[in-house]
Amino acid sequence: MNTIPSAQTGAAPVLNVAATRVGTRALGPGLRSVVWVQGCPFHCAGCLAPDWIPDRPARRAHPADLAAELLADPRVSGLTLSGGEPMQQAKGLAALVRAARAERDVTVVCFTGHRLERLRERPDTADLLALTDVLIDGQYVARLDDGRGLRGSSNQRVHHLTPRLAACGYDFDNRPRTAEITVDGPEALLVGVPPPGVLAAFDAAVTAVRSPRATPAPPAPRQPT
Ligand code: SF4
């Protein structure tokens, strides 16, 4: 397994980023920007983004630079942190949130495969937990995917760590799912926790593009849970 030596150590944590999206309504309340980090210690069967599980070098980004990128759209009111496993890069993401909040008082939604109780035992995740408004915890279990809510399966829990998003009217647990597909040149990105059938349709479309009679396309990243 490769490691990212400066991602968690040193004075200026550098993030190892799989992908970003500026401005989406598919991953939390309001218009949000999303950062997906590279690397996850879990290997959930049915993970939507297996390309982002390996702990390998991807795009290296300084938190302040990434914050400016994610806030490029002045309508963005929140950040969503996903992956990969955000808690693998908790210090860098905490620096990202602090840099963003120096410019705008964004809310923060964070996905993690870890359980909150275990995270609270870890000193390296304390800062990010303190900055997170909503934490969605637990590993994805495909047989418990009930097609509802922003969590991927019913075993995952929604924790309002602050009251900021508790009364906004957004039903994290049971809302109808939405997803967005963006195309940037030859790359396609599925953003959101997809409703039933959308992932299969997305995969079929990507497979068709990759067929020998079509122009080859690079891997299509997808949003894990
Ligand atoms: S579903 Fe989430 S926690 Fe599970 S392997 Fe994929 S990125 Fe990791």
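Whatever comes next refers back to the structure up there.
A brief structural summary. Just so it is clear, the structure is predicted and the values come from calculations on it, not from any experiment. (Residues numbered from 1 in each chain as written. Predicted model: local features only at pLDDT ≥ 70, side-chain atom pairs only at ≥ 80, totals over all residues.)

Concerning the overall build of the protein chain
The condition is simple: Counting from the N terminus, the helices are the DSSP runs of H or I reaching at least four residues and the strands are the DSSP runs of E reaching at least two. Our exposure labels follow a C-beta count within 10 Å of each residue's own C-beta, placed from the backbone: buried means 20 or more other C-beta atoms, exposed means 12 or fewer, and partly exposed covers the counts in between. Think of it this way: build a C-beta for each residue from its backbone, and any pair within 7 Å is a contact.
From N to C terminus, the protein chain includes 5 helices and 9 strands. Reading the protein chain from its N end, one meets helices and strands in the order β-β-β-α-β-α-β-α-α-β-β-β-β-α. The buried share among the 225 residues of the protein chain stands at 41%. A separation of at least 24 residues holds for 68% of the contacts in the protein chain among residues at least 6 apart in sequence.

Quick word on unusual backbone geometry
The omega torsion of the bond from Gly83 to Gly84 falls at 15°, within 30 degrees of zero and hence cis. Turning to its location among the elements, Gly84 is positioned in the loop between β4 (78-82) and α2 (90-103).

With respect to the sheet that holds strand β6 (residues 134-137)
Note on sheets: strands pair through backbone hydrogen bonds, and any given pair is parallel or antiparallel. Worth spelling out the cut-off: For two strands to pair, DSSP has to find at least two bridges joining them. For helices, the fitted axis covers only the stretch in contact; all axes are lines through C-alpha atoms, and the angles between them, taken along N-to-C directions, range from 0 to 180 degrees.
Ordered by their spatial adjacency, 7 strands build an open sheet running β3-β1-β2-β4-β5-β6-β7, and the pairing between neighbours is mixed. Each end of this open sheet is capped by a strand with a single partner; those strands are β3 (59-61) and β7 (157-160). On average, each strand axis in the sheet is tilted by 25° relative to the strand beside it, whichever way the strands run. Inspection of the sheet shows β6 paired to β7 by 4 bridges, in the antiparallel sense. Bridging across to β7, Val134 finds its partner in His160. Against the sheet, helix α1 (residues 63-70) engages β1 (15-24), β2 (32-37), β3 and β4, with an angle of about 20° to β1.

Quick word on the packing of α1 against α2
Under the convention used in this document: Oblique is the label for any angle not covered by the other classes, which are roughly parallel (under 35 degrees), roughly antiparallel (over 145) and roughly perpendicular (65 to 115). A crossing counts as left-handed when the near helix is turned anticlockwise from the far one by less than a right angle, and as right-handed when that turn is clockwise. Polarity classes work like this: nonpolar for Ala, Val, Leu, Ile, Met, Phe, Trp, Tyr, Cys and Pro, charged for Asp, Glu, Lys and Arg, and polar for all others, with Gly in that last group.
Packing of α1 against α2 leaves a shortest axis separation of 8 Å and a crossing angle of 50°. As the angle between them shows, α1 and α2 are arranged oblique. For the pair α1 and α2, the sense of crossing is right-handed. Contacts between α1 and α2 pair Pro63, Ala64, Leu66, Ala67 and Leu70 from the former with Gly92, Ala95, Leu96, Ala99, Ala100 and Glu103 from the latter. Classifying every residue of the contact of α1 with α2 gives 9 nonpolar, 1 polar and 1 charged.

What about the pairing of β2?
Most of β2 is tucked away, with 6 of its 6 residues classed as buried. Burial of the side chains of β2 extends over both faces: Arg32, Val34 and Trp36 are buried on one face and Ser33, Val35 and Val37 on the other. Across 6 bridges, the pairing between β1 and β2 is antiparallel. Residue pairing in the sheet places Ala19 in a bridge with Trp36 of β2. Taken together, the 5 bridges between β2 and β4 define a ladder with parallel strand orientation. For Ser33, the partnering residue across the bridge sits in β4 and is Leu79.

Side note on the environment of Ala26
Position of Ala26 relative to the elements: it lies in the loop between β1 and β2. Owing to 20 C-beta atoms within 10 Å, Ala26 belongs among the buried residues under this scheme. Sequence spacing of Ala26 and Gly192 is 166 residues, and the spatial spacing of their C-alpha atoms is 4.9 Å. Those residues in contact with Ala26 that lie beyond four places of it in its chain are Thr178, Ala179, Glu180, Val191 and Gly192.

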